[in-house]
Amino acid sequence: GGSVALAVTATGGAPAGVRGRLARRIEAAVGAPGAVEAVVPGGVFLDQRRVAALSLSGDDVVRGLRSARAGGAPLFADAFSGIAVSFNRYC
C-alpha cells in the first residue's frame, strides 16, 4: 500500500518475505508458477526444467519479465536471458 526502498549490500540480501512476493510476481508475469529458483541481488534464476515443461521459450520469459509491474511502474529496468558459456573445451 505504500512505497518501499531496499538497500542490498555485498554482505546481505532482501528479506525472505520480499523475495517470496517478488518470486510470486515474477512467476505470474512469466506464466510459470513454481519456476523461480532464486531471487538474488544479481538477478533471478528460473528452474529451466519447469520452464521447459511449460513450453516457454526464452523470449516468452523475457517478455513476461518486461511486462511485470509494481504500482503501475515496470518491476525491472530491463530483462534478458542469461547465457552460460563453458571454456573447458578451449582451455
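A brief look at the structure comes next. Bear in mind that the values here come from a model prediction, so they are computed numbers and not experimental data.

## Some points on the overall build of the chain
From N to C terminus, the chain includes three helices and four strands. The proportion of buried residues among the 91 residues of the chain is 20%. Here the contacts in the chain between residues at least 6 apart in sequence split such that 29% fall between residues at least 24 apart. Summing over all exposed atoms, the chain offers an accessible surface of approximately 6,700 Å²; the carbon and sulfur share of this is 55%.

## A short note on the nonpolar core
Of all hydrophobic cores here, the largest spans 14 residues; its most connected members are V30, V36, V51, V61 and L65. When contributions to this core are tallied by element, the ones reaching two or more residues are helix 1 (16–30), strand 1 (36–40) and helix 3 (58–67). Those residues within four positions of V51 in sequence are excluded, and the remaining contacts are A35, L46, L56 and V61.

## Section: the pattern of salt bridges
Under the defined criterion, the tally for this structure stands at two salt bridges. Residue R63 is joined to D60 by a salt bridge in which the shortest nitrogen-to-oxygen separation is 2.7 Å. With R63 and D60 both in helix 3 and three residues apart, the pair spans about one turn of that helix. Judged by relative accessible area, R63 falls into the exposed class, the value being 52%.

## A closer look at unusual backbone geometry
The backbone of S55 sits at a positive phi, close to 60°, despite the residue not being glycine. Turning to its location among the elements, S55 is positioned in the loop between helix 2 (48–53) and helix 3. Since its relative accessible area comes to 63%, S55 is described here as exposed.

## Observations regarding the layout of surface pockets
Quantified by volume, the second largest pocket comes out at close to 550 Å³. Around the second largest pocket, the lining comprises 19 residues; the ones closest to its centre are V44, L65, F80, S81 and G82. Counting only elements with at least two residues in the lining of the second largest pocket, the list comes to strand 2 (43–46), helix 2 and helix 3. Looking at the lining of the second largest pocket, its residues break down into eleven nonpolar, seven polar and one charged.

## Concerning helix 3
Those residues of helix 3 not exposed but buried are V61, V62, G64 and L65. Taken around the axis of helix 3, the buried residues stretch over an arc of 160°, which confines them to a single face. Turned more than 90 degrees away from the buried face of helix 3 sit D59 and R63, all of them exposed.

## Digging into the side chain of E27
Structurally, the position occupied by E27 is in helix 1. Buried within the structure, E27 lacks any salt-bridge partner; R24 is the closest side chain of opposite charge, at an N-O distance of 7.0 Å. Excluding its chain neighbours within four sequence positions, the residues that come into contact with E27 are A32, P33, G34, A35 and V36.

What counts and how
Residues numbered from 1 in each chain as written. Predicted model: local features only at pLDDT ≥ 70, side-chain atom pairs only at ≥ 80, totals over all residues. Heavy atoms only, no water. Helix = DSSP H or I, 4+ residues; strand = E, 2+ residues; numbered from the N terminus. Buried < 20%, exposed > 50% of the residue type's maximum accessible area, 1.4 Å probe, protein only. Contact = heavy atoms within 4.5 Å. Areas by Shrake-Rupley, 256 points an atom, 1.4 Å probe, with all protein chains shown as cover. Core = buried A, V, L, I, M, F, W, Y, C linked by side-chain atoms within 4.5 Å. Salt bridge = Lys/Arg side-chain N within 4 Å of Asp/Glu carboxyl O. 1 Å grid on protein atoms, 1.4 Å probe; cavity = no way out; pocket = protein on both sides within 12 Å on 5 of 7 lines; lining within 4 Å. Points joined across faces, edges and corners; volume = space filled by probe spheres on them. Nonpolar A, V, L, I, M, F, W, Y, C, P; charged D, E, K, R; others polar. Arc of directions from axis to C-beta. Lys, Arg positive; Asp, Glu negative; His and termini not counted.

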